[in-house]
Amino acid sequence: QVQLVESGGGLVQPGGSLRLSCAASGSTFSIYHMGWFRQAPGKQRELVAAISSAGSTNYADSVMGRFTISRDNAKNTVNLQINSLKPEDTAVYYCAATFGLQLVYASEYDYWGQGTQVTVSS
């Protein structure tokens, strides 16, 4: 079992940047595939980026080139660097962990953090 705690959200102007972090408890963090999801009001939760236990990454088309996911297994953390923020990036961002293979689907993930709010507004 793993517990996840996100941090780093906040209010930022369009074009700005944030770095979200997710701290995981437990000694087996390195074998989990990790994902960052977001959910805006009235919308479904969607994957923005995922990183496998081996370090392979994939991104939603809407964030490609602006978001970067990374993991540090020694520190049990997964990070999401988000640049060139747009108002449509406003959402609660969640970190999640899975052993599953379909990393795009929220239903595949077993463990979730509580979320961190990102608001992009001038």
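Located above this text is the structure these notes cover.
Presented here is a report on the structure given in the accompanying data block. (Residues numbered from 1 in each chain as written. Predicted model: local features only at pLDDT ≥ 70, side-chain atom pairs only at ≥ 80, totals over all residues. Heavy atoms only, no water.)

## Some thoughts on the side chain of T98
What counts is decided by this rule: Here a strand is any run of E in DSSP of at least two residues, a helix any run of H or I of at least four, and the numbering for each starts at the N terminus. Only protein chains enter the accessibility calculation, which uses a 1.4 Å probe; a residue is then buried when its area is under 20% of its type maximum, exposed when over 50%, and partly exposed in between. For this analysis, a polar contact is any N or O atom pair within 3.5 Å, provided that within protein one partner can donate a hydrogen and the other can accept it, and provided that sequence-adjacent residues contribute only side-chain to side-chain pairs. Contacts are assigned to residue pairs that have any heavy atoms within 4.5 Å of one another.
Within the secondary structure, T98 is located in strand β9 (residues 91–98). A relative accessible area of 0% places T98 in the buried class. At 2.7 Å, the side chain of T98 forms a polar contact with the backbone nitrogen of G100. Residues within four places of T98 in sequence aside, it is in contact with Y32, H33, L103, E108, Y109 and D110.

## Overview of the side chain of R71
Selection criterion: For the purpose of counting charges, residues Lys and Arg are taken to be positive, whereas Asp and Glu are taken to be negative. His and the chain ends are not included. A carboxyl oxygen of Asp or Glu within 4 Å of a side-chain nitrogen of Lys or Arg is what we treat as a salt bridge.
Structurally, the position occupied by R71 is in strand β7 (residues 67–72). Among buried Asp, Glu, Lys and Arg side chains, R71 stands out as unpaired, with D72 the closest opposite charge at 8.4 Å. Reaching out from R71, the side chain makes a polar contact with the backbone oxygen of F29 at a distance of 3.0 Å. Side-chain polar atoms of R71 contact the side chain of N73, separated by 2.9 Å.

## Looking at the nonpolar core
Soluble globular proteins tend to bury their nonpolar side chains together. Under the convention used in this document: As used here, the term nonpolar core means buried Ala, Val, Leu, Ile, Met, Phe, Trp, Tyr and Cys residues forming a set that is joined through side-chain atoms within 4.5 Å.
Among the nonpolar cores identified, the biggest contains 30 residues, and M34, W36, V78 and L80 are the most heavily contacted of them. Elements supplying a minimum of two residues to this core: β3 (18–24), β4 (33–39), β5 (46–51), β7, β8 (77–82), β9 and β11 (116–120). The residues touching L80, leaving out its near neighbours within four places in the chain, are L18, R19, L20, W36, V48, A49, F67, T68, I69 and Y93. In this structure, F37, A50, A96 and L103 belong to the second largest nonpolar core, which totals 6 residues.

## Quick notes on the pairing of β9
Test applied: Whether two strands pair depends on DSSP finding at least two bridges between them.
Counting buried positions over the 8 residues of β9 gives 7, a clear majority of the element. Judged from the 7 bridges that link them, β4 and β9 form a sheet pairing that is antiparallel. Bridged to Q39 within β9 is V92. In the sheet, β9 pairs with β11 via 3 bridges, with the strands oriented antiparallel. Its bridge partner being in β11, Y93 is matched across the sheet by T116.

## Let's talk about the packing of aromatic side chains
Test applied: Only Phe, Tyr and Trp rings are paired, with Trp represented by its six-membered ring, and only when their centres lie within 6.5 Å; those with planes under 30 degrees apart are stacked, over 60 edge-to-face, the remainder tilted. Charges are assigned to positions over rings by a cutoff of 6 Å between ring centre and Lys NZ or Arg CZ, combined with an angular limit of 35 degrees from the ring normal.
In this structure the tally under the stated criterion is 6 aromatic pairs. With 4.3 Å between their ring centres and 15° between their planes, Y32 and F99 make a pair best called stacked. In this pair, Y32 sits in the loop between β3 and β4 while F99 sits in the loop between β9 and β10 (111–112), placing the two residues 67 residues apart along the sequence. Relative accessible area serves as the criterion here: at 47%, F99 is assigned to the partly exposed category. On the numbers, 4.9 Å between centres and 85° between planes, the contact of F37 with Y109 is edge-to-face. Taken together, the positions of F37 in strand β4 and Y109 in the loop between β9 and β10 put the pair 72 residues apart, joining distant regions of the chain. A residue is classified by how much of its surface remains accessible, and F37, at 0% relative accessible area, is buried. In this structure, R45 is placed above the aromatic ring of W112, and the distance from its NZ or CZ to the ring centre is 4.7 Å.

Distances and angles like these do not, on their own, reveal function.
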